[in-house]
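Structural features, examined
Here are the chains, one letter per residue:
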Amino acid sequence: MSCEVITYSDDIAFVASSTKIDSKQILSQADNWFSVNSMKINEKKSKTLSQCGTLKYLGVHMNRHYTWTLHIEYLEEKLKDAIEAIRNAKEEKKRDVYFKKFHTKIAYATILWGNAKEAENIFKKQIEAVALLSGSTSVDKQVFKANNIMTLHSLYIQQCLRFVHKLRSDPSSHNQYLKDFLPATAFELYNLVPHNFYKYDFNEFKVIIKEVCLSASFYNIQDFIAFDWTTKIPQVNVSIQNSEIQTLNEQLDEAVNKIRKTYFAKFQSILTNGNKLLMCSDGELQEIFDKQKRTMSLFLNTSDVEQKVFILINKSEP
């Protein structure tokens, strides 16, 4: 199968850029592989970009040309409701509502669409939202700084720099599979960062870049190009943050291990005890299998244990 395979949780995408790729053949080969491995494609949730023209994948709306107009238009509609929620919230709740209803939406996958010309419409809505929560009649960089809010352009720049630094510092990162889908701007922005910053590991770099993007409140790419890296960058206690991250990871690992032990001790052990399954009819086996899937859905924190397949075929139009 001559295409890129990208997995995330229980979603799988087959990505091919050649016009000679037969999407039906890819789907057939995938179906055979899943059948051999006792899995089934969820056909209702499977789409081919070359046939549909547009699709939504992991919350991002895209078309075969990989322009982001569709996603930005969708986002604009969602942000209207968020702005209304901020407007109607009590003064002491406006900031919380902003981050829950508005900021989380514009901070998602910004690296893909944040530099599109239509993204300026989203930035205008962000200014409107920040005006509501801050009570300012005129929003400028100082208002963003005073409220500790990152501008849309700062979010885009931050995600670009973090992504490329992760590629550079960790060649085994899953980001390697996605680098070909990034705009060249991401790498151009990273090249503007002073080379002495390249020595930092990812967690250190992440903290520093966050502080830069917050304090500078970039209004466009030109702001970043003109940024004076000799200015004093706010000091961040990286060692403390790294320690906190390590502690959190250890706690999460411990929690996951407890869940796994519970599953194997309480459920899997029953299934593997003796030859009880050999005495079950097909209907009884199906009932047991359904219970196992429900148990696994709790273990995997997903309501859909079936394998979902998305086929993304980027065929250029004449």
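Residues numbered from 1 in each chain as written. Predicted model: local features only at pLDDT ≥ 70, side-chain atom pairs only at ≥ 80, totals over all residues. Heavy atoms only, no water.

Attention shifts here to the pattern of salt bridges. Tallied over the full model, the rule gives 4 salt bridges. The salt bridge partner of Lys-80 is Glu-77, with a shortest N-O separation of 3.1 Å. Taken as a pair, Lys-80 and Glu-77 lie in helix H3 (residues 69-88) at a separation of 3 residues, close to a single helical turn. On the accessibility criterion, Lys-80 (42% relative accessible area) is partly exposed. (Salt bridge = Lys/Arg side-chain N within 4 Å of Asp/Glu carboxyl O. Helix = DSSP H or I, 4+ residues; strand = E, 2+ residues; numbered from the N terminus. Buried < 20%, exposed > 50% of the residue type's maximum accessible area, 1.4 Å probe, protein only.)

This part covers the packing of helix H4 (residues 94-106) against helix H6 (residues 119-134). Direction vectors running N to C along H4 and H6 enclose 170 degrees, while the axes themselves pass 10 Å from each other. Relative to H6, the element H4 is oriented roughly antiparallel. Of the residues in H6, those in contact with Lys-94, Tyr-98, Phe-102, His-103 and Ile-106 of H4 are Ile-122, Lys-125, Gln-126, Ala-129, Val-130, Leu-132 and Leu-133. (Axes fitted to C-alpha atoms, helices over the stretch in contact; angles between N-to-C directions. Parallel < 35°, antiparallel > 145°, perpendicular 65-115°, else oblique. Contact = heavy atoms within 4.5 Å.)

Let's shift gears to unusual backbone geometry. A positive phi is found at Asn-148, a non-glycine position, where the angle reads about 55 degrees. Position of Asn-148 among the secondary structure elements: in the loop between helix H7 (141-146) and helix H8 (152-169). For Asn-148, a relative accessible area of 47% translates into the label partly exposed.

Of all hydrophobic cores here, the largest spans 63 residues; its most connected members are Tyr-98, Phe-102, Ile-106, Trp-113, Ile-157 and Leu-161. At 9 residues, the largest contribution of residues to this core is made by H8. Once you skip the residues sitting within four places of it in the chain, Phe-102 turns out to touch Leu-79, Ala-82, Ile-83, Ile-86, Val-97, Lys-125, Gln-126 and Ala-129. Residues Ile-12, Phe-14, Phe-34 and Ile-41 belong to the second largest nonpolar core, which totals 6 residues. (Core = buried A, V, L, I, M, F, W, Y, C linked by side-chain atoms within 4.5 Å.)

Let us now look at a positive patch on the surface. A contiguous patch of positive charge, built from Lys-90, Lys-93, Lys-100 and Lys-101, is present on the exposed surface. By secondary structure assignment, the location of Lys-100 is in helix H4. (Patch = residues over 30% accessible without salt bridge, like charges linked within 9 Å, V, L, I, M, F, W, Y side chains within 5 Å. Areas by Shrake-Rupley, 256 points an atom, 1.4 Å probe, with all protein chains shown as cover. Lys, Arg positive; Asp, Glu negative; His and termini not counted. Charge placed at Lys NZ, Arg CZ, Asp CG, Glu CD.)

Every buried residue of helix H9 (residues 184-191) is accounted for by Thr-185, Ala-186, Leu-189 and Tyr-190. With its buried residues spanning 140 degrees around the axis, H9 presents them on a single face. Residues of H9 that are exposed and point over 90 degrees away from its buried face: Ala-184 and Asn-191. Where H9 is buried, its residues touch H8, helix H10 (202-216) and helix H11 (221-225). (Arc of directions from axis to C-beta.)

Residue alternation in strand E4 (residues 60-63) divides its side chains into two sets, Val-60 and Met-62 and His-61 and Asn-63, and both sets are buried. Across 4 bridges, the pairing between strand E3 (residues 54-57) and E4 is antiparallel. Bridge pairing links Lys-56 to His-61 in E4. Connecting E3 to the antiparallel partner E4 that follows it, the hairpin turn spans 2 residues, and Leu-58 within it adopts a positive phi of roughly 50 degrees. (Pairing = 2+ DSSP bridges.)

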